[in-house]
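Below are the chains, spelled out letter by letter.
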Amino acid sequence: MRIIPAIDIIDGKCVRLSKGDYDTKKIYNENPLEVAKSFEAHGIQYLHLVDLDGAKSSQIVNYKVLEQIASKTSLKIDFGGGLKSDADLKIAFESGTNQITGGSIAIKKPEVFKSWIQRYGADKIILGADAMNEKVAISGWLEESKEEVIPFIQGYQKEGIQYVICTDISKDGMLEGPSFELYQRILEQTQGLKLIASGGISSFDELPKLAELGCEGTIIGKAIYEGRITLKQLENYILS
């Protein structure tokens, strides 16, 4: 299972939120590149980079941070937050991302999102299926849609989607453990899905459980920043 640390960006700084609430913002580092380099130094190869300013606005905002990390590390980056147009996508790929994650766009402008899958290929486009009470949430989690998360994923699998990041928003940043049951049901009801678990990871012991369920990757945020999981533990897990 791939280990994918998260860096969330507001005003160019590395922050974490609880349950996606911008009022709970906590700044962990003013230099995201420094954080990314510390991940790389511990053998980590992947990074989940989220433009929280972009998620709330109508376009990509923090692409300079993406550019900096992509040019000064060898991390394979997936980038999300505020990707709402072909122009945004072009900026993201030109700034060095390996994959992009689209969530709100997949609900609000499905034809645009489907065209991205066709144009860039399913290995470059990740479906963001972030859910509150199993309904997909959009616009930086500020809005709940009527789409149920499992049928939503199944629908996009028919369009060729392979990678899905699923965050249970009620768990995100709470350090209370991930949604094992939800991930199990998603994997039971989809075939060949590369499911990336996100939200609530609180201890190292949860990682083998997610791997056992069949998750292809897991995104870890606050547990690293709060010292619940050490980079050394992750390094040993990757090497084992």
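Higher on the page you've got the structure.
Rules and cut-offs
- Residues numbered from 1 in each chain as written.
- Predicted model: local features only at pLDDT ≥ 70, side-chain atom pairs only at ≥ 80, totals over all residues.
- Heavy atoms only, no water.
- Salt bridge = Lys/Arg side-chain N within 4 Å of Asp/Glu carboxyl O.
- Helix = DSSP H or I, 4+ residues; strand = E, 2+ residues; numbered from the N terminus.
- Buried < 20%, exposed > 50% of the residue type's maximum accessible area, 1.4 Å probe, protein only.
- Arc of directions from axis to C-beta.
- Polar contact = N/O pair within 3.5 Å; in protein donor to acceptor, adjacent residues only side chain to side chain.

K.L.:
Where do I start with the pattern of salt bridges in this structure?
P.N.:
When their charged atoms lie close together, side chains carrying opposite charge are able to pair. Applying the stated rule across the entire model yields 11 salt bridges. Glu 67 is the partner of Lys 64 in a salt bridge, and the nearest nitrogen-oxygen pair spans 3.7 Å. Of this pair, Lys 64 and Glu 67 both sit in helix 3 (residues 63-72), three residues apart, roughly one helical turn. A residue is classified by how much of its surface remains accessible, and Lys 64, at 54% relative accessible area, is exposed. A salt bridge links Lys 114 to Glu 111; its shortest N-O distance comes to 3.6 Å. Taken together, the positions of Lys 114 and Glu 111, both in helix 6 (residues 110-120) and three residues apart, correspond to about one turn of that helix. Salt bridges sharing common partners tie together Glu 111, Lys 114 and Glu 159.

K.L.:
Can you walk me through helix 1 (residues 32-41) in this structure?
P.N.:
Since the α-helix packs 3.6 residues into each turn, any two residues three or four apart lie on the same face. Taken together, the buried positions of helix 1 are Pro 32, Leu 33, Val 35, Ala 36 and Phe 39. Looking straight down helix 1, one finds that the buried residues subtend no more than 160° of arc, so they occupy a single side. The N-capping residue of helix 1, defined by a side-chain oxygen 3.1 Å from the backbone nitrogen of Leu 33, is Asn 31. Positioned one or two residues after helix 1, Gly 43 has a phi angle of 80°, which is positive.

By themselves these figures say nothing about function.
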